[in-house]
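Listed below are the residues making up each chain.
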Amino acid sequence: MKALVAVEHSIITAIWHMLTDHVPYHELGGTYFAQRDPERATRRAITALNQLGYTVTLNPIEGAA
């Protein structure tokens, strides 16, 4: 029941912003949070792998940035 209320709240919030700002709905995409804060996404991925029992070593790819 809590999840249903949370989804309803998200929908109502999106509708309110669309009506008050007079803008159509715009999907942010699946990579929105990773692009918004890449360091946080990296930390989250490392933590998830550590919890699964893996040791992580990061080596940046040359010319990727």
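Residues numbered from 1 in each chain as written. Predicted model: local features only at pLDDT ≥ 70, side-chain atom pairs only at ≥ 80, totals over all residues. Heavy atoms only, no water.

**Regarding the confidence of the model for the protein chain**
The predicted model of the protein chain averages 93 in pLDDT, with 97% of residues at 70 or higher. Between the elements of the protein chain, mean pLDDT differs from a low of 92, seen in helix α2 (residues 32-36), to a high of 96, seen in helix α1 (residues 2-21). (pLDDT = per-residue confidence, 0-100. Helix = DSSP H or I, 4+ residues; strand = E, 2+ residues; numbered from the N terminus.)

**Concerning a positive patch on the surface**
On the surface, R36, R40, R43 and R44 cluster together to form a positively charged patch. Structurally, the position occupied by R43 is in helix α3 (residues 38-51). (Patch = residues over 30% accessible without salt bridge, like charges linked within 9 Å, V, L, I, M, F, W, Y side chains within 5 Å. Areas by Shrake-Rupley, 256 points an atom, 1.4 Å probe, with all protein chains shown as cover. Salt bridge = Lys/Arg side-chain N within 4 Å of Asp/Glu carboxyl O. Lys, Arg positive; Asp, Glu negative; His and termini not counted. Charge placed at Lys NZ, Arg CZ, Asp CG, Glu CD.)

**Quick word on the layout of surface pockets**
Remark: the empty space left among the atoms is shown by a probe the size of a water molecule rolled over them. Its boundaries defined by the atoms lining it, the largest pocket holds a volume of some 190 Å³. Of all the elements in the fold, those that place two or more residues in the lining of the largest pocket are α1 and α2. Looking at the lining of the largest pocket element by element, the count peaks at three residues for α1. Each residue belonging to the lining of the largest pocket can be placed in one class, and the counts come to seven nonpolar, three polar and one charged. (1 Å grid on protein atoms, 1.4 Å probe; cavity = no way out; pocket = protein on both sides within 12 Å on 5 of 7 lines; lining within 4 Å. Points joined across faces, edges and corners; volume = space filled by probe spheres on them. Nonpolar A, V, L, I, M, F, W, Y, C, P; charged D, E, K, R; others polar.)

**Looking at α3**
Between its terminal C-alpha atoms α3 stretches 20 Å, which fits the 20 Å expected from 14 residues at 1.5 Å a residue. G53 sits one or two positions beyond α3 and adopts a positive phi of about 100°. (Expected span 1.5 Å × (residues − 1).)

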